[in-house]
Amino acid sequence: MPFQKVRVRFAPSPTGPLHMGGVRTALYNYLFAKKNGGDFILRIEDTDQKRFVEGAEEYIINSLKWCGITIDEGIGAGGDYGPYRQSERKEIYKEYANQLIESGNAYYAFDSSEELEEMRERLKAAKVATPQYNAVTRETMKNSLTLSDDEVKSRLASGDPHTIRIKVPRKEEIRIKDIIRGWVVVHSSKIDDKIIFKSDGMPTYHMANVIDDHLMKISHVIRGEEWLPSTPVHVLLYKFLGWEDEMPEFAHLPLLLKPDGNGKLSKRDGDQLGFPVFPLEWKDPASGETYSGYRENGYFPEAFLNILAFLGWNPGTTSEFFNLDELIEAFSLERVGKSGSKFDLEKAHWYNQHYLRNKSNKELAELLMPVLKENNITAEADFVEQVCGLMKERATFIPDMMEGKYFFERPTEYDEKTLRKKWKQESPSIVAGLRELIKSTEDFTSDILEKKIKEHLEKNEISIGIAMPNLRLLTCGVGSGPSIFDVIALLGKNETLARIDESLIHIQKQQPAN
Ligand code: GLU
């Protein structure tokens, strides 16, 4: 390898919010860098000023931060190879464009958009499948290969709008070694003479990308599959600039597909299919439209990363839960697949549930507190922790624990279905017996309550399938939840008795017993 150190870059364009596929690219770059003792660099590719979106760069940085992906170098971190925003590197690119022209590997093109359109129409009429500006058509166009030197000079001197195009050889096999795909061979006749410098004085993506990767000593280019068709042009540029021996290695990641496997996961899919496609919520400054985010939807960053890691990679074992450090340890590009990965919502929930259950009650309580506040509920931290302990097995997201709202508020409404099915004529007397028992229980723990209540029911031949739902209904107003003995032990004796009394009055008013 011509590089002394692994250096990878995540190079998003600030044209909108970062899609989850983009976060996955950042993650794989980061994992690869950390696994190999290398650097993870953030570079902003903002050469397309027409597509620049206000706030996008900040969004990218915040998204990486939320995920716990730290930037070693680049935007927000500094470094020796800056500036890291391409719009601030304009001068650098110009010099290399001139070098390419001088070596005969690029040329000036003066064609107007009408002339380009005319050329396409002409080729279409001649039944050319993909009309393009290439080794054949360039001969008929207005460029420094067809115009006289004097004319070119005078056009340049008078500021005639022009672009610079790469001169793609007519017959050449371009070979790309991709870590994930193996050798990819493309014939140069399939490639057009891409614009490398635009008339606005900015380089295009291809030019800036290659120059920056070279100058920033990038050892591995890890990016989405959608960039594979551009790679032959990049390989040519490395060659033309004399950097062939220092070309980075390439790895093109598989696409992220919709849950049904039909096509690429697009930015509109998420909210339609019930899951976010963006890490953080994004409000489109132009349309005012809001797209939901994983963070706002209650996903934990560690769950999000675990989900992303498995969309394209697998550890080759049956283990499925990996925190960031474990991912670094297990990751390799060799275990990234070639085919697209389908997003699976159920699996995403399963991951979140896992990380929720793994949190301590204290952590969960801290996360639940703001939700309680939104619901105008105030409670002692210690009590909230215990509620979390009981509710966490039943929750996928933090707000799901609000199913246990009854811990904080006495019930005033009662689950209709349970009422209909379980509230019998004998219910008031069953409950009266339970009330006595609860009242007389000194040591008010779940185990003792369970033992005493079960003994009482057995002795008096009372159906547990009626007594327990009745007790739950009176104390909580619902038909299901964590162990009712745990629940009343946590509520405490006085609160349990008060709830039974109040609820009996409500229920009798609300519905006569069956
Ligand atoms: N600027 C490109 C993007 O927006 C980067 C592609 C690459 O990594 O080369 O994804």
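Each value, and the rule that gives it
- Residues numbered from 1 in each chain as written.
- Predicted model: local features only at pLDDT ≥ 70, side-chain atom pairs only at ≥ 80, totals over all residues.
- Heavy atoms only, no water.
- Helix = DSSP H or I, 4+ residues; strand = E, 2+ residues; numbered from the N terminus.
- Rg over C-alpha atoms; globule rule 2.2 N^0.38 Å.
- Contact = heavy atoms within 4.5 Å.
- Areas by Shrake-Rupley, 256 points an atom, 1.4 Å probe, with all protein chains shown as cover.
- Lys, Arg positive; Asp, Glu negative; His and termini not counted.
- Charge placed at Lys NZ, Arg CZ, Asp CG, Glu CD.
- Near = heavy atom within 4 Å.
- Polar contact = N/O pair within 3.5 Å; in protein donor to acceptor, adjacent residues only side chain to side chain.
- Nonpolar A, V, L, I, M, F, W, Y, C, P; charged D, E, K, R; others polar.
- Pairing = 2+ DSSP bridges.
- Axes fitted to C-alpha atoms, helices over the stretch in contact; angles between N-to-C directions.
- Expected span 1.5 Å × (residues − 1).
- Buried < 20%, exposed > 50% of the residue type's maximum accessible area, 1.4 Å probe, protein only.
- Arc of directions from axis to C-beta.
- Core = buried A, V, L, I, M, F, W, Y, C linked by side-chain atoms within 4.5 Å.
- Salt bridge = Lys/Arg side-chain N within 4 Å of Asp/Glu carboxyl O.
- Right-handed = clockwise from strand over helix to strand, strands pointing away.
- Parallel < 35°, antiparallel > 145°, perpendicular 65-115°, else oblique.

1. Considering the overall build of the chain
So, step 1. If you tally the helices and strands in the chain, you get 19 helices and 14 strands.
So, step 2. Taking 24 Å as the expected radius of gyration for a compact globule of 514 residues, we find that the chain reaches 33 Å, considerably beyond that expectation.
So, step 3. Dimensions of the chain, computed from C-alpha atoms along their principal axes, come out at roughly 110 × 50 × 35 Å.
So, step 4. For the chain, the proportion of contacts with a sequence separation of at least 24, taken over those separated by at least 6, is 72%.
So, step 5. Surface accessibility of the chain: about 24500 Å² in total, with carbon and sulfur atoms responsible for 48%.
So, step 6. Side chains of the chain give 68 positive and 80 negative charges; the mean places of these two sets differ by 3 Å.

2. A look at the site of the ligand
So, step 1. Within the structure, the ligand sits among R9, A11, P12, S13, E45, Y205, N209, R223 and W227.
So, step 2. Note that a nitrogen atom of the ligand is positioned 2.8 Å from one of the backbone N or O atoms of A11.
So, step 3. A distance of 2.8 Å is found between an oxygen atom of the ligand and a side-chain nitrogen or oxygen belonging to R223.
So, step 4. About the coverage of the ligand: the protein hides 84% of its 290 Å² of free accessible area.
So, step 5. For the shell around the ligand, the per-class residue count stands at 4 nonpolar, 2 polar and 3 charged.

3. Thoughts on the side chain of N352
So, step 1. The topology assignment puts N352 in helix α11 (residues 345–357).
So, step 2. One polar contact links the side chain of N352 to the main-chain carbonyl oxygen of G298, over a distance of 3.2 Å.
So, step 3. Those residues in contact with N352 that sit more than four places away from it in its chain are G298, Y299, F300, A303, T396 and F397.

4. Remarks on the sheet that holds strand β8 (residues 195–197)
So, step 1. Strand order in this open sheet of 3 strands is β4-β5-β8, and the pairing throughout is antiparallel. Of all the strands in the sheet, the pair left with one neighbour each is β4 (106–109) and β8. Shown here is a sheet whose adjacent strand axes are inclined to one another by a mean of 45°, direction ignored.
So, step 2. Bridging between β4 and strand β5 (residues 163–166) involves 4 bridges; their strand directions are antiparallel. Within β5, the residue paired with A109 across the bridge is T163.
So, step 3. On top of the sheet, helix α3 (residues 90–102) reaches β4, β5 and β8; it is set at about 100° to β4, its chief contact.

5. A closer look at α11
So, step 1. The end-to-end C-alpha distance of α11, which contains 13 residues, comes to 18 Å, matching closely the 18 Å that a straight helix rising 1.5 Å per residue would cover.
So, step 2. Here α11 has its buried residues at A348, Y351, N352, Y355 and L356. Seen from one end, α11 has its buried residues packed into an arc of 135°, which puts them on one side.
So, step 3. Between the side-chain oxygen of the N-cap and the backbone nitrogen of E346 there are 3.1 Å, and the N-cap of α11 in question is D344.

6. Side note on the nonpolar core
So, step 1. In terms of nonpolar packing, the biggest core is built from 147 residues, with M20, F407 and I453 touching the most fellow members.
So, step 2. The contact partners of I453, leaving out residues within four places of it in the chain, are L434, L437, I438, M468, L471, F485 and I488.
So, step 3. Membership of the second largest hydrophobic core comes to 7 residues, among which are A109, M119, L123 and M141.

7. Focus: the pattern of salt bridges
So, step 1. Overall, the coordinates contain 33 salt bridges when judged by the stated rule.
So, step 2. Residue E57 is joined to R85 by a salt bridge in which the shortest nitrogen-to-oxygen separation is 2.8 Å. Placement of the pair is E57 in helix α2 (residues 56–67) and R85 in the loop between β3 (73–74) and α3, with a sequence separation of 28 residues.
So, step 3. Put simply, E117 and R120 hold a salt bridge, and the shortest N to O gap is 3.1 Å.

8. Thoughts on the pairing of strand β10 (residues 249–253)
So, step 1. Most of β10 sits inside the fold, with 4 of its 5 residues counted as buried.
So, step 2. Read as a crossover between parallel neighbours, the route from strand β9 (residues 220–224) over helix α7 (residues 231–240) to β10 is right-handed.

9. Focus on the environment of N209
So, step 1. Inspection of the secondary structure puts N209 in helix α6 (residues 205–215).
So, step 2. When the C-alpha positions of N209 and T47 are compared, they lie 9.9 Å apart, and in sequence the two are 162 residues distant.
So, step 3. With residues up to four places along the chain from it excluded, the contact list for N209 reads R9, R43, E45, Q86, R223 and H234.

10. Description of the side chain of T396
So, step 1. For T396, the position within the fold is in the loop between α13 (381–391) and α14 (416–422).
So, step 2. The exposure class assigned to T396 is buried, which follows from its relative accessible area of 15%.

11. Focus on α3
Counting along an α-helix, one turn takes 3.6 residues, and residues three or four places apart therefore face a common direction.
So, step 1. For α3, spanning 13 residues, the distance from its first C-alpha to its last is 19 Å, which sits close to the expected 18 Å at 1.5 Å a residue.
So, step 2. Taken residue by residue, α3 has Y93, Y96, A97, L100 and I101 as its buried positions. Angular distribution of buried residues about the axis of α3 spans 145°; they occupy a single face of the element. Turned more than 90 degrees away from the buried face of α3, the exposed residues are E91 and E102.
So, step 3. In this structure, the buried residues of α3 make contact with β4, β5, β8, α6 and α7.
So, step 4. Backbone geometry just downstream of α3 places G104 in the positive-phi region, at approximately 80°.

12. Regarding the packing of α13 against helix α18 (residues 484–491)
So, step 1. Their axes nearest at 11 Å, the elements α13 and α18 cross at an angle of 180°. In terms of orientation, α13 lies roughly antiparallel with respect to α18. Note on element contacts: α18 touches α13 through D486, V487 and L490, opposite F383, Q386, V387 and L390.

13. Thoughts on the environment of D192
So, step 1. Considering the arrangement of structural elements, one finds D192 in the loop between β7 (182–187) and β8.
So, step 2. Overall, the relative accessible area of 18% leaves D192 in the buried class.
So, step 3. Each C-alpha atom of the pair D192 and P169 lies 9.7 Å from the other, and the pair is 23 residues apart in sequence.
So, step 4. In contact with D192, other than residues within four places in its own chain, are Q132, Y133, N134 and V168.
So, step 5. Among the polar contacts listed, one links the side chain of D192 to the side chain of K194, at a separation of 2.5 Å.

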